[in-house]
Amino acid sequence: MKKFDQNEADLYDQSIVKKVPGYLDVLSEVAQRASIEIPQQGRVLVLGAGTGTEIFLLGELRPDISFVAVDISEEMLSKMMIKNQARTIPLKIKTHCVSLHDFIPEENFDGALCLLTLHFIELNQKADVLRMIRNCLREGGTLWTYDLMNFEGNSKNLEEDQFLKWCRSEKIADLKKEQLLKGLATKFSPIAEEEFESIALEILGFRSVTRYASHPRFRGYELKR
């Protein structure tokens, strides 16, 4: 799984919006959805928490919620905690610097966020991570994901064309566009949508899988326990 160094952590908040279509819109939508569903004094697991953008968006709406943030990069978690301490009233955040494969939840959660994280995990390990999440969610709890998806044939061509159009709309330089597209194809382990839904429903036993967001190459899902 990707481990961000100090330089990458410092630049992450500015760079990610130029690499992922719909980044802030999707995180804001997740925060809105979770703020309605999570019960009072609820607990939320955040896997691949990074610098905590989704935590702070949700915390603004629901300061009563407590968070457990997991990330393999100490630099990213440190940046998140510095931002938290700068708040007038810091959020309740407990951190674990560990890979998702090695994280063992010690409690149950009312909801979980796993945003732009699964594509860093090898294909044969994704089901184990999703199983871990499902097992630590309380009955009726929800997992929200937003991640890079794999497409083949005409669908792949369409998604790539749409991604390049998004790059143009963001005024990303031509060379950078090609680098981004090549990076998506070579640096990550995305999963096909059909396979993702099959694993979640048939193998792991989530009650339902609903798409809530769709952008070029990326999809967002709600998985109900």
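Above this text is the structure in question.
Residues numbered from 1 in each chain as written. Predicted model: local features only at pLDDT ≥ 70, side-chain atom pairs only at ≥ 80, totals over all residues. Heavy atoms only, no water.

Novice: Can you tell me about the pairing of strand β7 (residues 208-215), naming the residues and giving the values?
Specialist: Bridge analysis of β7 against strand β8 (residues 218-224) gives seven bridges, and the strand direction is antiparallel. The residue bridging S214 from the neighbouring strand is R219, located in β8. Count of turn residues in the β7/β8 antiparallel hairpin: two residues, of which R217 carries a positive phi of about 75°. (Pairing = 2+ DSSP bridges. Helix = DSSP H or I, 4+ residues; strand = E, 2+ residues; numbered from the N terminus.)

Novice: An account of the packing of aromatic side chains is requested, with residue identities and associated values reported.
Specialist: One pass over the full model with this rule turns up four aromatic pairs. Residues F163 and W166 carry aromatic rings whose centres are separated by 5.6 Å and whose planes lie at 40° to one another, so their mutual orientation is tilted. You can see F163 and its partner W166 sitting in helix α6 (residues 153-169), three residues apart, about one turn around the helix. Looking at W166, the relative accessible area reads 12%, which means it is buried. (Phe/Tyr/Trp six-rings, centres within 6.5 Å; stacked < 30°, edge-to-face > 60°. Buried < 20%, exposed > 50% of the residue type's maximum accessible area, 1.4 Å probe, protein only.)

Novice: I'd like to hear about the packing of helix α2 (residues 23-37) against helix α3 (residues 53-61), residue by residue, with values.
Specialist: The interhelical angle for the contact between α2 and α3, taken along N-to-C directions, is 45°, at an axis separation of 9 Å. Regarding the angle of α2 to α3, the classification is oblique. Viewed along their axes, α2 and α3 form a crossing whose handedness is right-handed. Counted together, Y23, L24, L27, S28, A31, Q32, A34 and S35 of α2 and T53, E54, L57, L58 and L61 of α3 form the full contact between these two elements. Grouping the constituent residues of the contact of α2 with α3 by class yields eight nonpolar, four polar and one charged. (Axes fitted to C-alpha atoms, helices over the stretch in contact; angles between N-to-C directions. Parallel < 35°, antiparallel > 145°, perpendicular 65-115°, else oblique. Left-handed = near helix turned anticlockwise from the far one by under 90°. Contact = heavy atoms within 4.5 Å. Nonpolar A, V, L, I, M, F, W, Y, C, P; charged D, E, K, R; others polar.)

Novice: Break down empty space enclosed by the protein for me, with residues and values.
Specialist: Summed over the entire model, instances satisfying the criterion amount to two cavities of 30 Å³ or more. The calculated volume of the largest cavity comes to roughly 60 Å³. Of all the elements, strand β5 (residues 137-150) adds the most residues to the lining of the largest cavity, at four residues. Taken as a whole, the second largest cavity spans an internal volume of roughly 40 Å³. (1 Å grid on protein atoms, 1.4 Å probe; cavity = no way out; pocket = protein on both sides within 12 Å on 5 of 7 lines; lining within 4 Å. Points joined across faces, edges and corners; volume = space filled by probe spheres on them.)

Novice: Explain the side chain of D64 to me, using residue names and the numbers behind them.
Specialist: Looking at the secondary structure, you find D64 in the loop between α3 and β2 (66-71). Engagement of the side chain of D64 in a polar contact is seen with the side chain of R62, the distance being 2.8 Å. Not counting chain neighbours up to four residues away, the residues in contact with D64 comprise P39, Q40, Q41, G42 and K92. (Polar contact = N/O pair within 3.5 Å; in protein donor to acceptor, adjacent residues only side chain to side chain.)

Novice: Give a description of the side chain of R134 that names residues and reports values.
Specialist: Note on placement: R134 falls in helix α5 (residues 123-136). Among the polar contacts made by the side chain of R134, one reaches the main-chain carbonyl oxygen of L204 at a distance of 2.8 Å. If we skip the residues at most four places from it in the chain, R134 touches L204, G205, F206 and R225.

Geometric values such as these leave the question of function open.
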